[in-house]
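# Topology and contacts: notes
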Amino acid sequence: MSEAARKLDYETIWGEEDELSVLTFNLNGETFAIEAIVVQEILDLLPETHVPGSKSFVSSVINFRGKVIPLADIRLAFGMDATETTIDSRIVVIELDLDDEATLIGLRTDKVNEVTTLPKLASEPPPSVGMRWRADYINCLVKRGGEFIIVPNLHAIFAPRKDRPAPAPN
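Residues numbered from 1 in each chain as written. Predicted model: local features only at pLDDT ≥ 70, side-chain atom pairs only at ≥ 80, totals over all residues. Heavy atoms only, no water.

## Some details on the sheet that holds strand E12 (residues 147-152)
Here we have six strands laid out as an open sheet, ordered E9-E1-E2-E12-E11-E10, and mixed in their pairing. One side of each edge strand has no neighbouring strand; the edge strands of this open sheet are strand E9 (111-119) and strand E10 (123-124). (Pairing = 2+ DSSP bridges. Helix = DSSP H or I, 4+ residues; strand = E, 2+ residues; numbered from the N terminus.)

Below, the structure is given as structure tokens:
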């Protein structure tokens, strides 16, 4: 991903705002944050149905208020190991605009923390070197206390295949 594209994703998330209202959650010991405005509901774990032939990180569906929605484990999109569920595990149901259509997606989390605000002044685009994850999957990193909070680019993660950038050559 080019420096210009990373800068564009970074500017898009903040717009003209100095703060971003987010829901924070944990995945494999890392703290992530998604915009609170896309969060529809936080659920206890639900029965899920595996979907053969699906993407590895969206391999099952759940029944959410009578609708079948995909259940994603974005830790797999980031190359993290899957983990066992615990008493703190939750599903965060989000609504994203994908291909000009409102799409509900469940995100599996290890633990939901809080709704908070993150200041733009404490944020920066992902670095182009030294990242263990795909830079296009991250909108920005926000420093809070002694840790970094990762704000994922959900649109890039869930983009239909035709819109996804080609993988970098090895």
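Anyway, onward from the coordinates.
## Looking at the pairing of strand E2 (residues 30-35)
One ladder, built from six bridges, connects strand E1 (residues 19-27) with E2; its direction is antiparallel. Bridged to Leu27 within E2 is Glu30. The hairpin formed by E1 and E2 contains two residues between the paired strands, and Asn28 there has a positive phi angle of roughly 50°. Pairing geometry for E2 and E12, over two bridges, is parallel. Bridge pairing in E12 links Phe32 to Ile150.

## Concerning unusual backbone geometry
Even without glycine at this site, Asp99 takes up a positive phi of about 55°. Here Asp99 is to be found in the loop between strand E7 (90-98) and strand E8 (101-109). For Asp100, which is not glycine, the phi torsion reads 60° and is therefore positive. One can find Asp100 in the loop between E7 and E8. The class for Asp100 is exposed, based on a relative accessible area of 75%. (Buried < 20%, exposed > 50% of the residue type's maximum accessible area, 1.4 Å probe, protein only.)

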